[in-house]
Structures are given as C-alpha cells and as structure tokens.
Amino acid sequence: VGTARILRLSDPGSRDLEFDRLGDVPVGNMSETEYAYYKMRLREQGRSVSIDFEKLLEGDASQDALLMHGDVITVPEFARTVTVSGQVGRPGKVAHEPGKRYGHYVDTAGGYSEGARRNRVRVIRASTGQWLSAGRAGVIEPGDDVWVPEEPEGDWWQNVRDVLSFVTSLATVYLVINQATSN
C-alpha cells in the first residue's frame, strides 16, 4: 500500500503561466533557476495527490482526499524487489532484503562494472519518486531503484592539446618579456 497513489490528471484553475512561458523558451536560453523550475514542473505533470494510504487505512482522517473526476488510483502489487540499473555487472531486479543499504544491492547485481561512477550512485524512492544520493538514502525499501551512472568519457587528446596550447602561450609570454627586458 505504501506506493499506492492518486494521480490527478486535471486540476481546474491550476494553470501555471510561468510554466507555459518556459515551454516556449529553448532550454539553452533558460537561466539555471528557470530550467530547474521547468524540470520540476514537468515531473509534476499528472500530479500525485499527497496521501499516506497506510495511515488512511488505519483511520487517520487527515489523509482522506476528495476525489475529482478523472483521478486515477493505482495500487501496485507489493514489490518484493529492488531494481539495480546502470553500470553494474547484471542490471535488473534483485530480491529485497529488509535492512540492507544500496551497496548490498550493487554487489548482488554483480558489483560495479568498468566505468561506473561510484561516487554518483542514486536511489530513487518508489514511494515518492525522490532522487537521493545513495549514501544519504539509508535502508533500501521494496520497489526502490538503485542507479549507478557511467563515468563520463574524457577526450584525452583534447586534454593534451589544451595543455600544449597553455604551455605554448606561457613560452610566448616568456619570450616576449625576455626580448623586451634584454634590449
């Protein structure tokens, strides 16, 4: 029941003019703040109504919600797995074990593969969709996702050219100063 949710597909009177405006702006022309806002609002499309179904079923009236026409209630089958994806040996679903943290699931999925960005592992909570750094996520819950991103590929040849260009510039400056002071 923890991941059950109400999805409100239409919310009369909730038009967001700023979101509409940003929809017409190329991403490259948005400020960092505008882009963050736009991404957040995109994720909210088809808004989830915030309800704790477990508390509601225990009789907590504060969790009762007025349903509207078009609302969709989803009650998924109880997840007994954790999805591990990205740069691991065997990505896929892994049996959930109570009390375990992300490292257990990475190891169970074959460990980190070559090119894994170990310091950027994320946990996506099934109950909220929230992205957390793996170290701060704590205990992994059934249905959660553990994502291991790929280390960005570096263009070592471009790095060599940049260093050579910098050294050449320094040598030119040195020669100009040396010529100017020796005359």
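Residues numbered from 1 in each chain as written. Predicted model: local features only at pLDDT ≥ 70, side-chain atom pairs only at ≥ 80, totals over all residues. Heavy atoms only, no water.

## Some details on the confidence of the model for the protein chain
- Of all residues in the protein chain, 87% have pLDDT values of 70 or greater, and the mean over the chain is 83.
- The secondary-structure element of the protein chain with the lowest mean pLDDT is strand S2 (residues 47-49), recorded at 66, while helix H4 (residues 102-108) shows the highest, at 97. (pLDDT = per-residue confidence, 0-100. Helix = DSSP H or I, 4+ residues; strand = E, 2+ residues; numbered from the N terminus.)

## Points about the nonpolar core
- The biggest cluster of nonpolar side chains holds 16 residues, and the ones touching the most others in it are Val84, Val88, Tyr105, Val123, Ile140, Val146 and Val148.
- Secondary-structure elements contributing two or more residues to this core are strand S4 (81-86), H4, helix H5 (134-137) and strand S8 (145-148).
- Contacts of Tyr105, omitting those with residues within four sequence positions, involve Val82, Val84, Val94, Ala95, His96, Glu97, Lys100 and Ile140. (Core = buried A, V, L, I, M, F, W, Y, C linked by side-chain atoms within 4.5 Å. Buried < 20%, exposed > 50% of the residue type's maximum accessible area, 1.4 Å probe, protein only. Contact = heavy atoms within 4.5 Å.)

## Remarks on the pattern of salt bridges
- Scanning the entire structure with this criterion turns up 4 salt bridges.
- One salt bridge in this structure joins Glu151 and Arg117, with 4.0 Å as the shortest N-O distance. On the criterion of sequence distance, the pair formed by Glu151 in the loop between S8 and helix H6 (156-182) and Arg117 in the loop between H4 and strand S6 (122-124) is long-range, its members being 34 residues apart.
- In this structure Glu151 comes out as partly exposed when scored by relative accessible area, which is 38%.
- Where Arg125 meets Asp144, a salt bridge forms, and the shortest distance between an N and an O atom there is 2.5 Å. With Arg125 in the loop between S6 and strand S7 (131-133) and Asp144 in the loop between H5 and S8, the pair connects residues that are 19 residues apart, well separated along the chain. Grouping residues by exposure puts Arg125 and Asp144 together as buried.
- One continuous salt-bridge network, built from bridges that share partners, spans Glu18, Arg21 and Glu34. (Salt bridge = Lys/Arg side-chain N within 4 Å of Asp/Glu carboxyl O.)

## Digging into the pairing of strand S5 (residues 92-95)
- Taken together, the 4 bridges between S4 and S5 define a ladder with antiparallel strand orientation. The partner of Val82 across the bridge, within S5, is Val94.
- Here S4 hands over to S5 after 5 residues, the two strands then running antiparallel side by side. (Pairing = 2+ DSSP bridges.)

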